[in-house]
Amino acid sequence: MTDRPLVADSFAVPDVLVAEGLRLELLGPRHNEADHAAWMSSIAHIRSTPGFDRGWPPVAGMTLAENLEDLARHAERSARRVDFAYSVIEIATGDVVGCVYVEPSLTVEGEVEASSWVRAARVELDGPLTEVVGAWLRDAWPFEVVRYRSGAVPVTIRRSPE
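Conventions used here
- Residues numbered from 1 in each chain as written.
- Predicted model: local features only at pLDDT ≥ 70, side-chain atom pairs only at ≥ 80, totals over all residues.
- Heavy atoms only, no water.
- Helix = DSSP H or I, 4+ residues; strand = E, 2+ residues; numbered from the N terminus.
- Buried < 20%, exposed > 50% of the residue type's maximum accessible area, 1.4 Å probe, protein only.
- Contact = heavy atoms within 4.5 Å.
- Areas by Shrake-Rupley, 256 points an atom, 1.4 Å probe, with all protein chains shown as cover.
- Lys, Arg positive; Asp, Glu negative; His and termini not counted.
- Charge placed at Lys NZ, Arg CZ, Asp CG, Glu CD.
- Pairing = 2+ DSSP bridges.
- Patch = residues over 30% accessible without salt bridge, like charges linked within 9 Å, V, L, I, M, F, W, Y side chains within 5 Å.
- Salt bridge = Lys/Arg side-chain N within 4 Å of Asp/Glu carboxyl O.
- Core = buried A, V, L, I, M, F, W, Y, C linked by side-chain atoms within 4.5 Å.

With respect to the overall build of the protein
Next up, step 1: The helix and strand tally for the protein stands at 4 helices and 7 strands.
Next up, step 2: Order of helices (α) and strands (β) in the protein, N terminus to C terminus: β-β-α-α-α-β-β-β-α-β-β.
Next up, step 3: Projected onto its principal axes, the C-alpha coordinates of the protein cover approximately 40 × 30 × 30 Å.
Next up, step 4: Here the protein holds 162 residues, and 46% of them are scored as buried.
Next up, step 5: Put simply, 55% of the contacts in the protein that link residues at least 6 apart link residues at least 24 apart.
Next up, step 6: Here the protein has roughly 8,100 Å² of accessible surface; of this, 55% comes from carbon and sulfur atoms.
Next up, step 7: Considering the protein, the positive charge centre built from 16 side chains and the negative charge centre built from 25 side chains are found 2 Å apart.

Shown next, in the form of structure tokens:
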């Protein structure tokens, strides 16, 4: 991964997005227990989700302490603007139901790749989350090209004309 910022200092990185009964907020240590419970209960499901062919989450899981270190790294990288991770919280229950990641492309300079997952027990939220995130990346972020997905199919999202 690169350590170059994905967005200019002048861009106001969204701390929160609320849409379709979901709240996305920058991932950090405060999410540790709920985040850990969410992904630990869904390892096989997440690993079969498009965009997660990179060996995460680990098949054996992680301890709560290891997850806390991972969340601290995510928060630090978001603060440096080199990539962004968002916890996905269902507003009605307050439960962490997934995550969204926005990262530089590993293969194409200047492009961004996004991925998201939901808990295996909340698979019905995958479609709405994908729609919300796709529109958000297209309309609210300054990226020229983002690779994300529509369901299981990777797509290229370009910003809407201004």
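Having seen it, we continue.
With respect to the pairing of strand β4 (residues 96-104)
Residues in a regular strand project their side chains so that they alternate between the two faces of the sheet.
Next up, step 1: Among the 9 residues in β4, 9 count as buried, and that is most of the element.
Next up, step 2: Note that strand β3 (residues 84-90) and β4 share 6 bridges and pair antiparallel. Its bridge partner being in β4, Ala 85 is matched across the sheet by Tyr 101.
Next up, step 3: Counting the residues that bridge the hairpin from β3 to β4 gives 5 residues, and of these Gly 94 lies at a positive phi of roughly 80°.

Some details on a nonpolar patch on the surface
Next up, step 1: Judged by side-chain polarity, Val 16, Val 18 and Ile 91 come together as a nonpolar surface patch covering roughly 240 Å² of accessible area.
Next up, step 2: Its location among the elements puts Ile 91 in the loop between β3 and β4.
Next up, step 3: Note on Ile 91: relative accessible area 45%, which makes it partly exposed.

Points about the nonpolar core
Next up, step 1: One finds Leu 24, Phe 84, Tyr 86, Trp 141 and Phe 143 to be the most contacted residues of the largest nonpolar core, which totals 27 residues.
Next up, step 2: Those elements that place two or more of their residues in this core are β2 (22-26), β3, β4, β5 (112-118), α4 (126-140) and β6 (145-150).
Next up, step 3: Not counting residues within four places of it along the chain, the set of residues in contact with Phe 84 comprises Leu 6, Val 7, Val 13, Leu 26, Ser 78, Val 100, Tyr 101, Val 102 and Trp 141.
Next up, step 4: Leu 27, Trp 39, Met 62 and Tyr 101 belong to the second largest nonpolar core, which has 15 residues in total.

A look at the pattern of salt bridges
Next up, step 1: Applying the stated criterion across every chain, the model contains 11 salt bridges.
Next up, step 2: Here Glu 124 and Arg 122 are joined by a salt bridge, their closest N and O atoms 2.7 Å apart.
Next up, step 3: Relative accessible area serves as the criterion here: at 21%, Arg 122 is assigned to the partly exposed category.
Next up, step 4: Connected through salt bridges with shared partners, the residues Asp 3, Glu 76, Arg 77, Arg 80 and Asp 83 form a single ionic network.

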